[in-house]
Number of protein chains: 2
Amino acid sequence: MKVTGDQALVKKINRSLVLHTIRKHSSTLSRARVSELTGLNKATVSNLVAELCEQQLVTEVGPGKSSGGRKPLLLHFNAMAGTVIGIELRVKQLKAVLCDLGGNVLEERDHALERHDLSYVLEAMKKVISSLMESAPDTPYGTVGIGVGVPGMVDENGVVLFAPNLGWEMVHLRQLLEEAFSVPVTIDNEANAGAQGELNFGAAKDVRHLLYISAGSGIGSGIIIGGELYKGARGYAGETGHMCIEADGRPCTCGSRGCWELYASEKTYDTADVTLPAHNTPELVRLASTGNEAAREQFAQMGKYLGIGVTNLINSFNPELIVIGGALSEAREWLAGPMQAVVAERTLPYHKQQLEITFSRLGSRGTMIGAGFAAVMHFLGHARVTL
Amino acid sequence: MKVTGDQALVKKINRSLVLHTIRKHSSTLSRARVSELTGLNKATVSNLVAELCEQQLVTEVGPGKSSGGRKPLLLHFNAMAGTVIGIELRVKQLKAVLCDLGGNVLEERDHALERHDLSYVLEAMKKVISSLMESAPDTPYGTVGIGVGVPGMVDENGVVLFAPNLGWEMVHLRQLLEEAFSVPVTIDNEANAGAQGELNFGAAKDVRHLLYISAGSGIGSGIIIGGELYKGARGYAGETGHMCIEADGRPCTCGSRGCWELYASEKTYDTADVTLPAHNTPELVRLASTGNEAAREQFAQMGKYLGIGVTNLINSFNPELIVIGGALSEAREWLAGPMQAVVAERTLPYHKQQLEITFSRLGSRGTMIGAGFAAVMHFLGHARVTL
DNA sequence: TCGACTTTGTATATTGGTTAAACAAAGTTT
DNA sequence: AAACTTTGTTTAACCAATATACAAAGTCGA
């Protein structure tokens, strides 16, 4: 959209600056400190804070310690000003949480999915959302948004362009949910949502260049560059599961061959050469931990191929931190070793020096929380300028 | 950098909006039409245009056709208000142009490079730049910037982090050139520069989602999403040459194995199984056109592997248009067929419907012109807001 | 305990940009 | 020639940020 500059815009930008500064350092900043951090004049900060207080998004939490003068009045981001719903749509499951504006989980729901057709899934979503909305505590703004993470490509209008694992194409999911609940809805790629979750509340707090790999029934990645989600036209980037790692490898449903996710996701369970003792991750993890060799070997193979793909991404994006999330992160104990070995062998020394690989801290909740966070950001607003 | 909102910022944003609107539709817009296009008030446009006229960036070019009222005064973007220098640093060659602010080439220089050590290359660059600066016509602002495209990763401060084909690491190129010439310098990845060139002046004018593949001594890609260069922390994105397309393929200097550019760039010349009749692209192209089978087969193989990598990128980014540039675009006649065949076979029908693959229109000049354009944009300023 | 100093936060006048509305200028149409 | 259209400028009003002065509330040393 074409944006022109006027005073309303200036105010939006500065309000956003002040609000998010307080949010990120809740209960530790005074007006004076916010003024220093943002570069805004003290008076401007005072005015904007007054407005935010009226809107109940910020409260004064009491005096802090003096450093030789008047005691500062510490400002608190009022996370309980409203709630959001975060949803992760998986292939066989619908997971949802009710969060406050600070990403704290207040309620949680799980719902098994038997089919993937839109009307069935939509009905299930509506049920779960209604249930969470009813359980929401009384807050000034109520439930201010719904964020959904889906396993597929999403455009800037919240249309699911393509979700192969669900068999969806061109589903106007945002519109459908907004019509049903009359609340702003944000739709994100599942990996992008997970990346946002880990960046804001998990293993990657305040990392500038992050690569989040979501390994489950497929593989997706969320890429954070310069502290911001590198989403391009939303969800387009990071569709790395179909990165070809074997030129003449197995044919994939995507039309190509040798795609990464055929070798390093739960898809391997169906095509594995050896007979596996189980065909789902939780069961295989259980078996591996009891010493089952076939299960361990399976994870070792997947770890190796995970490492190959991760190496590609390291060589492309040179992140500071890599977080592995998704259902497969449960198997970290058996994946990590082989994966790290491949990465150590294949990446340039130049990359290795500042690189760390870790697993999701939010676990299976990361995507939901991240999706909910997108709704929070939509509610709070996030204007900024590129020069 | 932290940016706060004030009236100066508002003016910057609006000035930028007006200036670039006029630039993109030079000599066809009146003040009234600019007001409509930008959404700014007529008075605001008048004021900003007056200022731009004073700065000699815009001139009134005369009356247009009336549509039932007073004739409009058409506004012209004064491309000759200044000049920029665009440089492409290749492995064996330094190519440079002097352009006006509209990307029109005024002078051109070529300089062979015998070595890659920094001091030697820097000396060559200085010579070429000085020569172009001296030949620059007299303009109000003179030579306002230097843009360089380099075959490697570049960070946001113009530091060449890593350029394997030159053996460079952590070269503060921007700083070095700015100190030598006291003119703003922009450093870009070579593929990103090429993408910018084709987007603004070449085969991809006004395309929203573009994938530019630069295939030469290596492979890089420039990704345009939503009409803007998707560069993340500059140059990090698009380092696709080291995308692994053969899990246990040939070892690469990058530390990995089976990298794309080992199979689809000029690097194949050195590792080809069969004895090639020549080991450089121009010669092979000549041979292929005279009917040499070995040369044609070589290009066919490269085309196939180009297609494999391109398919990966299509499945990841779903662009509208793919432009193949770089030295290998000279061989389009023999590459295109095999490449298209692989792409057609491997991509999803969903992607194919809106996808077009073409070759560079600016040819070998694309990167230079794009690099120069980056300098133009730096000079003109390009403030905008994200909500 | 008192006064000097510090730090926090607010009030006031100024600045500088956009804007709506009226207006002037220069056409076309009937 | 009168009525209408379109272009571009002038005017006054508005509004957010800012510098500056100031009030409030603390610390610290003698």
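Residues numbered from 1 in each chain as written. Chains lettered and ligands numbered in written order. Predicted model: local features only at pLDDT ≥ 70, side-chain atom pairs only at ≥ 80, totals over all residues. Heavy atoms only, no water.

Enquirer: Help me out: how do you make sense of the protein's contact with DNA strand C in this one?
Expert: Contacts to DNA strand C come from 28 residues, most closely from A:Q7, A:S46, A:R70, A:L73 and B:Q7. For DNA strand C, the backbone portion of the atoms within 4 Å of the protein, that is sugar and phosphate, comes to 64%. The contact in question runs from a phosphate oxygen of DNA strand C to an N or O atom on the backbone of A:R31, over 3.1 Å. Where the surface near DNA strand C is concerned, the elements lending two or more residues are α2 (31–38) and α3 (42–54) of chain A together with α1 (7–24) and α3 (42–54) of chain B. A per-class count over the surface near DNA strand C returns seven nonpolar, 14 polar and seven charged. (Near = heavy atom within 4 Å. Polar contact = N/O pair within 3.5 Å; in protein donor to acceptor, adjacent residues only side chain to side chain. Helix = DSSP H or I, 4+ residues; strand = E, 2+ residues; numbered from the N terminus. Nonpolar A, V, L, I, M, F, W, Y, C, P; charged D, E, K, R; others polar.)

Enquirer: Help me out: how do you make sense of the packing of aromatic side chains in this one?
Expert: In this structure the tally under the stated criterion is eight aromatic pairs over all chains. Taking the centre distance of 6.4 Å and the plane angle of 20 degrees together, the rings of A:F299 and A:W334 count as stacked. Here A:W334 lies in helix α11 (residues 332–346) and A:F299 lies in helix α10 (residues 293–317), a separation of 35 residues in the sequence. As far as the burial class goes, A:F299 and A:W334 line up, both buried. Measuring from ring centre to ring centre gives 5.3 Å for B:F201 and B:F373, while their planes differ by 85 degrees; the resulting arrangement is edge-to-face. Residue B:F201 is found in helix α6 (residues 190–201), and its partner B:F373 is found in helix α13 (residues 366–380); the two are separated by 172 residues along the sequence. Judged by relative accessible area, B:F373 falls into the buried class, the value being 4%. Sitting above the plane of the A:Y305 ring, A:K304 keeps its charged end 5.1 Å from the centroid. (Phe/Tyr/Trp six-rings, centres within 6.5 Å; stacked < 30°, edge-to-face > 60°. Buried < 20%, exposed > 50% of the residue type's maximum accessible area, 1.4 Å probe, protein only. Lys NZ or Arg CZ within 6 Å of the ring centre and 35° of its normal.)

Enquirer: Mind showing me how you'd approach the pattern of salt bridges here?
Expert: Where charged atoms of side chains with opposite charge meet at close range, the side chains can pair. Summed over all chains, the structure comprises 24 salt bridges over all chains. One salt bridge connects A:E261 with A:K267, and the closest N-O pair in it is separated by 2.5 Å. B:E60 serves as the salt-bridge partner of B:R31, at 2.6 Å between the closest nitrogen and oxygen. On the criterion of sequence distance, the pair formed by B:R31 in helix α2 (residues 31–38) and B:E60 in strand β1 (residues 58–63) is long-range, its members being 29 residues apart. (Salt bridge = Lys/Arg side-chain N within 4 Å of Asp/Glu carboxyl O.)

Enquirer: I would appreciate a short explanation of the sheet that holds strand β7 (residues 153–154) of chain A in the present structure.
Expert: Note: strands within a sheet are paired through backbone hydrogen bonds, in either parallel or antiparallel orientation. Residue and element names in this part refer to chain A. Taken in spatial order, the three strands make up an open sheet running β7-β8-β9, and their pairing is antiparallel. Each edge of the open sheet carries a strand with a single partner, namely β7 and β9 (168–171). Of the strand pairs in this sheet, β7 and strand β8 (residues 160–163) are connected by two bridges, and their pairing is antiparallel. Bridge pairing in β8 links V154 to V160. (Pairing = 2+ DSSP bridges.)

Enquirer: What's the story with the protein's contact with DNA strand D in this structure? I'm lost.
Expert: The full set close to DNA strand D counts 28 residues, and A:Q7, A:N14, B:S46, B:R70 and B:L73 are the nearest of them. When atoms of DNA strand D within 4 Å of the protein are split into backbone and base, the sugar-phosphate part holds 69%. One of the side-chain nitrogen or oxygen atoms of A:T44 is found 2.9 Å away from a phosphate oxygen of DNA strand D. Mapped by element, the contributors of at least two residues to the surface near DNA strand D are α1 (7–24) and α3 of chain A together with α2 and α3 of chain B. Ranked by the residues each element gives to the surface near DNA strand D, the list is headed by α1(A), at four residues. Residues that form the surface near DNA strand D fall into these classes: seven nonpolar, 13 polar and eight charged.

Enquirer: Would you mind showing me how to read the packing of helix α4 (residues 118–135) of chain A against helix α5 (residues 173–181) of chain A here?
Expert: The relative placement of two packed helices comes down to the angle between their axes together with the axis-to-axis distance. All names here are of chain A. Remark: α4 packs on α5, axes separated minimally by 11 Å, with the N-to-C direction vectors making an angle of 45 degrees. The orientation of α4 with respect to α5, classified from their angle, is oblique. As α4 packs across α5, the resulting crossing turns out to be right-handed. For the pair α4 and α5, the contacting residues are L118, L122, M125, K126, I129, S130 and M133 in the first and L173, L176, L177, A180 and F181 in the second. For the contact of α4 with α5, the residue count by class is 10 nonpolar, one polar and one charged. (Axes fitted to C-alpha atoms, helices over the stretch in contact; angles between N-to-C directions. Parallel < 35°, antiparallel > 145°, perpendicular 65-115°, else oblique. Left-handed = near helix turned anticlockwise from the far one by under 90°. Contact = heavy atoms within 4.5 Å.)

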